[in-house]
Amino acid sequence: MPRTSIATRLARLVFPPVCSVCGTQTMPGEDAAASQESRSPGSRSTDPFASHPFCAKCLDAMLHRSSIDVCRKCGAESPADNMFGDRCRLCFDSSLHFERAISVGSYHGVLQEVVIRMKQRQNEVLAYQAGQLLGLMVEIFDLSDSVDRIVPVPTHWTRRLKRGCHVASVISEGVSRQTGLRASNRTLYSVRRTSKQGMLSGPKRRRNVRGAFALRHRVSIEGERILLVDDVMTSGATASEAAWTMLKAGASSVVVAVVARGEGAS
């Protein structure tokens, strides 16, 4: 079994690891640290969450509750009596072009705080760590072997310029580091600036993003299985439109992976 290096042990004494969310000092076990140092991308440790920089309390608050079913299609939490086969009450009558959606958890409490914080340029590291956690969920759902490339949902260049970073791209890099899958930040682009989805109702959200994305020139995704990544999904309109764009371009399937799943109807 690999052992933790002396340098790592000394670093822990001088700079004890702290939770990236609440700042509480955490002391991961020796086995978890050794596993993190020796792991290859996509491999798993005995405790899959041991190597991530979140304390047990914050991690428990972020993950989907074990007592609640999660819709296979749109990834929303839903009681069993609100399920309609593989769909839930939020998406059973909606046309979503992606195959399925997964997330770390629901957009509330600690996870909501994480998503809001990681949109700020100075918190890119948090976005990357959230991406690694999302990548772990991709592995837990056994999706790694059915993905050819990771594609972040694009935003218009004016928004990237104003914000200083593209959060979905940073998350994608974290997913890539965790899973070993290839992240491609130059597959899709936003052809026009859209209104903020959070300010619109369901039908208006779909109209707002219709035709908003395009495949970059000379990029081929013919027959590829795509993992579409974003920070949060509420109605699913943006992810569905991005998925439809890639399916029209020849992709064989699109699965959505987001850090947080909102409660909006699809």
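The coordinates are above.
Residues numbered from 1 in each chain as written. Predicted model: local features only at pLDDT ≥ 70, side-chain atom pairs only at ≥ 80, totals over all residues. Heavy atoms only, no water.

Chemist: Provide a residue-level description of the state of the cysteines, including the pertinent values.
Modeler: The tally for this structure, following the rule as stated, stands at 0 disulfides. The cysteine Cys 88 is free of any disulfide, with Cys 74 supplying the nearest cysteine sulfur at 3.6 Å. On the accessibility criterion, Cys 88 (0% relative accessible area) is buried. Note on Cys 91: no disulfide assigned, nearest cysteine sulfur contributed by Cys 71 at a separation of 3.7 Å. Residue Cys 91 is classed as buried on the basis of its relative accessible area of 0%. (Disulfide = S-S within 2.5 Å. Buried < 20%, exposed > 50% of the residue type's maximum accessible area, 1.4 Å probe, protein only.)

Chemist: Describe the pattern of salt bridges, with residues and values.
Modeler: Where charged atoms from two side chains of opposite charge approach closely, those side chains can pair. Inspection of the entire model under this criterion finds 4 salt bridges. Between Glu 113 and Arg 117 there is a salt bridge, with the nearest N and O atoms lying 3.5 Å from each other. With Glu 113 and Arg 117 both in helix α4 (residues 109-118) and 4 residues apart, the pair spans about one turn of that helix. When its relative accessible area of 36% is taken as the criterion, Glu 113 is described as partly exposed. Here Arg 117 falls in the partly exposed class, since its relative accessible area comes to 23%. (Salt bridge = Lys/Arg side-chain N within 4 Å of Asp/Glu carboxyl O. Helix = DSSP H or I, 4+ residues; strand = E, 2+ residues; numbered from the N terminus.)

Chemist: Mind laying out the sheet that holds strand β9 (residues 225-233), listing which residues take part and the relevant values?
Modeler: Strand order in the open sheet made by the 4 strands is β5-β10-β9-β6, with parallel pairing throughout. What marks the edges here is a single partner per strand, and that holds for β5 (100-106) and β6 (149-152). Here the average twist between neighbouring strands, direction ignored, is 25 degrees. Here β6 pairs with β9 via 4 bridges, running parallel. What sits directly across from Arg 149, in β9, is Ile 226. Docked against the sheet, α4 engages β5, β9 and β10 (253-261), running at close to 105 degrees with respect to β10. Each of β6, β9 and β10 touches helix α9 (residues 237-248); the most contacted strand, β9, lies at about 165 degrees to it. (Pairing = 2+ DSSP bridges. Axes fitted to C-alpha atoms, helices over the stretch in contact; angles between N-to-C directions. Contact = heavy atoms within 4.5 Å.)

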